[in-house]
Amino acid sequence: MKAIDYLKYLKGGYFKKKILLIAIVLGMTTVLVQCDLVYHSQRWPENERKTEDRMFSLQQTIGNGLGSGELTHNEAQTFLIKLDNLRRDYTVLRERKTTQKEWDPLIATLNELEGEVKKVRAYPSRIDETRLEDWMIVLQRKIDDGMLIGRLPRVRGRDFQLRLDEVRREFLQRIKGQPLTSDEKGEISGRLDTLESDINNFW
């Protein structure tokens, strides 16, 4: 290799190393600045705005779900209580300087709550499940009251109780992890209707 070519080669390698070193330094500087922002207390207007918008939207979603029947009153009430707790935590963060890391648990909780509401609204058949549960409670009271005041003979009352217990046990087993199908709801409704008719014959 000629001397002049060799010098050019060395010079080119030197500049490549220099550029690489500058890139590394700039990258490390960016990382350090970002880390400093995460751990440095300050105001986070973007976090505040986005979180407030999401909480407002979630409250509307819960209200719409209740109005459409996709959420029961108890489900909507439970979600609103969780949202109120979340809003209190948000207010605490908003009214003082914080680090980005302090916002992470709040954002994670908000994500979870949005997911819960979306999941429950996706299965409006839960309304029918609640009605079946209420129906079983009414029949249980009829059996208890009938035996207490003497309208139901003890033997007959025990028979009705066994039938109701069997329906309730199968119902609870079927709703674990998934909503009832239309056929399952129809079957359980039919059994409860027959049981109620039999009980009413003694009233």
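Here the structure is a predicted model, which is why all the values come from computation and not from measurement.

Procedures and definitions
- Residues numbered from 1 in each chain as written.
- Predicted model: local features only at pLDDT ≥ 70, side-chain atom pairs only at ≥ 80, totals over all residues.
- Heavy atoms only, no water.
- Helix = DSSP H or I, 4+ residues; strand = E, 2+ residues; numbered from the N terminus.
- Buried < 20%, exposed > 50% of the residue type's maximum accessible area, 1.4 Å probe, protein only.
- Contact = heavy atoms within 4.5 Å.
- Areas by Shrake-Rupley, 256 points an atom, 1.4 Å probe, with all protein chains shown as cover.
- Expected span 1.5 Å × (residues − 1).
- Arc of directions from axis to C-beta.
- Core = buried A, V, L, I, M, F, W, Y, C linked by side-chain atoms within 4.5 Å.
- Phe/Tyr/Trp six-rings, centres within 6.5 Å; stacked < 30°, edge-to-face > 60°.
- Axes fitted to C-alpha atoms, helices over the stretch in contact; angles between N-to-C directions.
- Parallel < 35°, antiparallel > 145°, perpendicular 65-115°, else oblique.
- Left-handed = near helix turned anticlockwise from the far one by under 90°.
- Patch = residues over 30% accessible without salt bridge, like charges linked within 9 Å, V, L, I, M, F, W, Y side chains within 5 Å.
- Salt bridge = Lys/Arg side-chain N within 4 Å of Asp/Glu carboxyl O.
- pLDDT = per-residue confidence, 0-100.

S.K.: Any chance you could explain the overall build of the chain here in plain terms?
M.R.: Each helix and strand in the chain was counted, giving 7 helices and 0 strands. Traced from its N-terminal end to its C-terminal end, the chain shows the element sequence α-α-α-α-α-α-α. Buried positions account for 24% of the 203 residues belonging to the chain. In the chain, the share of contacts with a sequence separation of at least 24, taken over all contacts with a separation of at least 6, comes to 75%. Just so you have it, the chain exposes about 14,000 Å², and 57% of that area is on carbon and sulfur atoms.

S.K.: Whenever I open this one, helix 7 (residues 182-200) confuses me. Can you help?
M.R.: Note on helix geometry: an α-helix contains 3.6 residues per turn, so any two residues three or four positions apart are oriented the same way. Look at helix 7: 27 Å from first C-alpha to last across 19 residues, which is about the 27 Å you get at 1.5 Å a residue. Three or more residues of helix 7 are buried, namely K185, I188, L192, L195, E196 and I199. End-on view of helix 7: buried residues confined to an arc of 100 degrees, all on one side of the axis. Set apart from the buried face of helix 7 by more than 90 degrees, the exposed residues are S182 and D183.

S.K.: Would you mind going over the nonpolar core with me for this structure?
M.R.: A general tendency of soluble globular proteins is for nonpolar side chains to be buried together. Ranked by size, the top nonpolar core spans 17 residues in total, and within it L58, I62, F79, L83, L86 and L113 carry the most contacts. Only helix 2 (45-68), helix 3 (73-94) and helix 4 (100-121) provide two or more residues apiece to this core.

S.K.: Got a minute to help me understand the packing of aromatic side chains in this structure?
M.R.: For any pair of aromatic rings, the description consists of the separation of the ring centres together with the inter-plane angle of the planes. Inspection of the entire model under this criterion finds 2 aromatic pairs. On the basis of an interplanar angle of 70 degrees and a centroid distance of 6.1 Å, the ring pair of Y90 and W103 is categorised as edge-to-face. With Y90 in helix 3 and W103 in helix 4, the pair connects residues that are 13 residues apart, well separated along the chain. The residues Y90 and W103 share a single accessibility class, namely buried. Ring centres 5.9 Å apart and planes at 75 degrees place the aromatic pair F160 and F202 in the edge-to-face group. Note that F160 is positioned in helix 6 (residues 154-174) and F202 in the segment after helix 7, a separation of 42 residues in sequence.

S.K.: Any chance you could explain the packing of helix 3 against helix 4 here in plain terms?
M.R.: One way to put it is that helix 3 packs onto helix 4 with a least axis distance of 11 Å and a crossing angle of 165 degrees. Taken as axis vectors, helix 3 and helix 4 run roughly antiparallel relative to one another. Crossing of helix 3 against helix 4: the hand is left-handed. The segment helix 3 lies against helix 4, with E75, F79, K82, L83, L86, D89, Y90, L93 and R94 engaging E102, W103, L106, T109, L110, L113, E116, V117 and V120.

S.K.: Just checking my understanding: could you explain a nonpolar patch on the surface for this structure?
M.R.: A cluster of nonpolar side chains, contributed by L148, I149 and W203, occupies part of the molecular surface with about 360 Å² of accessible area. Tracing the chain through its elements places L148 in helix 5 (residues 126-149).

S.K.: What am I meant to see in the packing of helix 2 against helix 4 here?
M.R.: Each packed pair of helices is defined by two parameters, the angle between the axes and the distance between the axes. Between helix 2 and helix 4, the least distance of the axes is 11 Å, while the angle of their chain directions is 20 degrees. It follows that helix 2 is roughly parallel to helix 4 by the angle criterion. In terms of crossing hand, the pair formed by helix 2 and helix 4 is left-handed. The segment helix 2 lies against helix 4, with N47, E48, T51, R54, M55, L58, T61, I62, N64, G65 and S68 engaging Q100, W103, L106, I107, L110, N111, L113, E114, V117 and R121.

S.K.: What's the story with the confidence of the model for the chain in this structure? I'm lost.
M.R.: Interpreting fine coordinate detail is not advised for predicted regions of low pLDDT. Model confidence for the chain is summarised by a mean pLDDT of 82, while 77% of its residues fall at 70 or above. Ranking the helices and strands of the chain by mean pLDDT puts helix 6 first, with 94, and helix 1 (residues 3-39) last, with 52. Here residues 6-11 is modelled with pLDDT under 50, and outside its nearest four sequence neighbours on either side it reaches 1 contact, counting other chains as well.

S.K.: Got a minute to help me understand the side chain of E48 in this structure?
M.R.: Its location among the elements puts E48 in helix 2. Among all residues touching E48, those that are not within four sequence positions of it are R43, Y90, R94 and W103.

S.K.: I'm lost on helix 2 in this one. Help?
M.R.: Between the first and last C-alpha of helix 2 there are 35 Å, a value that for 24 residues agrees with the 34 Å anticipated at 1.5 Å per step. Residues of helix 2 that are buried: N47, E48, T51, M55, L58, I62 and G65. Each element contacted by the buried residues of helix 2 is listed here: helix 3 and helix 4. Immediately downstream of helix 2, the backbone of G69 shows phi near 90 degrees, a positive value.

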